[in-house]
Amino acid sequence: MAVAETQLYAKVSTKHRSKSTSALLESLLAKGFPAHIAQKALAATGQKTIEDAAKWLHSHCNDPSLEDPIPQEYALYLCPTGRLHNYLQEFWKESKRQCGKNRAHEVFPHVTLCDFFTCEDQKVEILYDALKRVGDSFSQCFPPSLSLSLHSSSSYLGFFIGDSHANILKEFALAFSSEASALADCHVKPCLKQLHLTLAHKFYPHHQKTLEQLAKCINPGEACQWVAALYSRDMRFVHYQTLRALFQYKPQNIDELMINTGDLIYVDPTQQSDVSEGWVIGTSHRTGCRGFLPENYTERASESDTWVRHREYVFVTASRFFTQTENEPNVKLNGEVHNPSTSRNVTNVLPVQNATLRRGVLVMRHGERVDQVFGKSWLQQCLTADGKYYRADLNFPSTLPKRKDGMKHFEYDPPLSCCGVFQSRLIGEALLDQEVTVSYVYSSPALRCIQTAQHILQGLKLDQKVKIRVEPGLFEWTKWEASKVIPNFMTVTELAEASYKIDISYRGNFPLSSLVPSESYEEYVSRSSAVIKQIITACPSKGKGVILIVGHGSSLASCTQPLIGLPARDSSDFAQVVRKIPSLGMCFCEEIREENKWQMVNPPVKTLTHGANAAFNWRNGIMED
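Rules of the game
- Residues numbered from 1 in each chain as written.
- Predicted model: local features only at pLDDT ≥ 70, side-chain atom pairs only at ≥ 80, totals over all residues.
- Heavy atoms only, no water.
- Helix = DSSP H or I, 4+ residues; strand = E, 2+ residues; numbered from the N terminus.
- Contact = heavy atoms within 4.5 Å.
- Buried < 20%, exposed > 50% of the residue type's maximum accessible area, 1.4 Å probe, protein only.
- Pairing = 2+ DSSP bridges.
- Axes fitted to C-alpha atoms, helices over the stretch in contact; angles between N-to-C directions.
- Salt bridge = Lys/Arg side-chain N within 4 Å of Asp/Glu carboxyl O.
- pLDDT = per-residue confidence, 0-100.
- Phe/Tyr/Trp six-rings, centres within 6.5 Å; stacked < 30°, edge-to-face > 60°.
- Lys NZ or Arg CZ within 6 Å of the ring centre and 35° of its normal.
- Parallel < 35°, antiparallel > 145°, perpendicular 65-115°, else oblique.
- Left-handed = near helix turned anticlockwise from the far one by under 90°.

Novice: An account of the side chain of E519 is requested, with residue identities and associated values reported.
Specialist: Inspection of the secondary structure assignment puts E519 in the loop between α13 (492-497) and α14 (521-538). Not counting residues within four places of it along the chain, the set of residues in contact with E519 comprises E476, W477, T478, K479, Y524 and R527.

What follows is the structure, encoded as structure tokens:
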């Protein structure tokens, strides 16, 4: 057990434990559950119903931390409802669509009154009572509407609450803090600085103008009923990422995690470096169990998706003459509102994709490689005693291309698996269905990338028309090479003799000799930025053809960010992003002729998702007693 975790256990286990006489607790005790386990279930489910708590207990029957005395963390938020909330939700959706996700998207619209604090499970009801009493005492002086003014900077956008109204809210937070601290033995810290409702935080500076235009569509004076709500979260996973399961996964090994569609998974980014490619290790929010799971079965969720809403106090003000009904349409930020006086059209915030767009750049990771499935020793599995290749599994390629320097160099320059070939051809066929015109193809010198490009062209039915330009500058960050040296790639002549459609007249911008083993991150970023700019310059700007670039997981960020003017990520963030990119993951940029710039848009085809298929021996299981 980690030292910090041990100290945390000691801290919470020595506190005085009081008894709760709630009806919910008595019902669970009558069913035979120990008091501390029953209280934990009630705290984890918001003390709503006996059914919720019993379901939680059933799901967590194998939770190794079930007996641990770790309490929940609680926070008091002031949340808008009604039409103002609808405006804010639409801003959340539009800002994410147009500018990508920023830190504000991790949580719903709110004003923080008291930041997160711990409370023992058996004392949570005291917090509920404190919220009710303090709410009642402030109900008459709560302002009919809050004064909200828009504030913007290069990394923050939000509404500041006017001083007179903010002072009332601070007094309310201070009163709750005093009651909760005294009665529930909690250390509750009220927010006494500038109170605000965040709209966007930690976004790219060049998105500021777009976000401001979207924010101006929010009328802060819209009808709103404010609610003081108490939320909780699991304090063990505060700095973890949250994933949502897109599909069910049934474990095939004892160290794998069972997940159902919709499950939320806590993942510690710092513990993923030694995990096999395509997998993550995480803890299920639903069951508390920990194990490995396929990363392509998940998507990023918001931090607050795992939070539990406990109790709330609704401030009913006299000036609130109407509320939104079920039949009243939701407010839209594109101007589709039923109140013309507050309607603003923002459809022109970003240029509409139309005929002004010309070239496109489709950057794609290669297909499934054999060592991704069979491990680094895959070649040894396929060699006979006299050194000849044979197909040890149907997912191995039927043959390997001839190369003069011997078969051993395939170990660090592996080919696609048969599934990788299928994936690549499937993507090509999908591009053909969408009538995507590929005019140029550039590939990393890695064999897996060249094979991917070849089979995409076959799917597009362009393999006899468009040739592959082998560009050494597109090779991945050399620091990640397991061999710590630059692999011996097949030569252009060898590739052509092996029937790959190579442009033998093309001379790369970066010769192979210029690739440096274990290059720094800055060197890799500089190389990638230079090569993408040189590729764009080399391809005529007339027409609307797509430039297809087949590279590595790292290529998606390193080739597109300089194109659209984004700064390079921090190297640690870059590694975390890259490891989540699956086979044939892709990014698509389009050029806007009128503005002489590029923007990232949705790729022309859908993603390709599939599950694992383990090796099977009929003798094991079928013939066993």
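Novice: Can you explain helix α4 (residues 50-59)? Please cite residues and give values.
Specialist: The periodicity of an α-helix, 3.6 residues per turn, causes residues three or four positions apart to be oriented the same way. Three or more residues of α4 are buried, namely I50, A53, W56, L57 and S59. Considering only its buried residues, α4 is in contact with α2 (23-30) and α3 (35-44).

Novice: How would you explain the sheet that holds strand β7 (residues 241-245) if you had to name every residue and give the values?
Specialist: With respect to topology, five strands assemble into an open sheet ordered β10-β9-β8-β7-β11, the strand pairing being antiparallel. Of all strands in the sheet, those with a lone pairing partner are β10 (290-294) and β11 (298-300), marking the two edges. Across this sheet, the average inter-strand angle for adjacent strands is 45 degrees, counted without regard to direction. As judged from the four bridges shared by β7 and strand β8 (residues 264-267), these two strands associate in the antiparallel manner. The partner of Q241 across the bridge, within β8, is V267.

Novice: Any chance you could break down the pattern of salt bridges for me, citing the residues and the numbers?
Specialist: Counted according to the given criterion, the structure contains 26 salt bridges. Salt-bridge contacts for D136 lead to K132; the nearest nitrogen and oxygen are separated by 2.7 Å. Of this pair, D136 and K132 both sit in helix α6 (residues 124-138), four residues apart, roughly one helical turn. R403 is the partner of D405 in a salt bridge, and the nearest nitrogen-oxygen pair spans 2.8 Å. By relative accessible area, which is 31% here, D405 ends up partly exposed. Through salt bridges with shared partners, a single ionic network connects E73, R103, R233 and E303.

Novice: Residue-level account of the confidence of the model for the protein chain, with values.
Specialist: As a note on interpretation, predicted positions should not be read in detail where pLDDT is low. Chain-level statistics for the protein chain give a pLDDT mean of 85 and a share of 88% at 70 or above. Every residue in residues 1-21 is under pLDDT 50, and counting partners more than four places away or in other chains gives 29 contacts. Contacts for the low-pLDDT stretch residues 318-357, under 50 throughout, to residues beyond four places or in other chains number 75 contacts.

Novice: Tell me what's going on with the packing of aromatic side chains, and back it up with residues and numbers.
Specialist: Counted according to the given criterion, the structure contains 31 aromatic pairs. Ring centres of Y77 and F116 lie 6.4 Å apart, and the angle between their planes is 75 degrees; on these two criteria the pair is classed as edge-to-face. Note that Y77 is positioned in strand β1 (residues 72-80) and F116 in strand β2 (residues 111-119), a separation of 39 residues in sequence. For the pair Y77 and F116, one class covers both residues: buried. Against the face of F116 rests R233, its NZ or CZ located 3.6 Å from the ring centre. Its guanidinium or amino end placed over the ring of F410, R403 lies 5.0 Å from that ring's centre, counting from NZ or CZ.

Novice: A description of unusual backbone geometry should follow, citing residues and the corresponding values.
Specialist: With a phi close to 50 degrees, Q47 is a non-glycine residue in the positive phi region. Tracing the chain through its elements places Q47 in the loop between α3 and α4. Classification of Q47 by relative accessible area gives buried; the value is 7%. Phi at E435 takes a positive value of approximately 60 degrees, unusual for a residue other than glycine. Its place among the elements puts E435 in the loop between α11 (418-433) and β14 (438-443). Accessibility expressed as a relative area gives 70% for E435, which makes it exposed.

Novice: I'd love a proper account of the packing of α3 against α4, names of residues and values included.
Specialist: The N-to-C vectors of α3 and α4 enclose an angle of 110 degrees; their axes lie 9 Å apart at closest approach. One finds that α3 runs roughly perpendicular with respect to α4. You can see that α3 and α4 cross each other, and the crossing is right-handed. Of the residues in α4, those touching α3 at I37, K40, A41, L42 and A44 are A53, W56 and L57.

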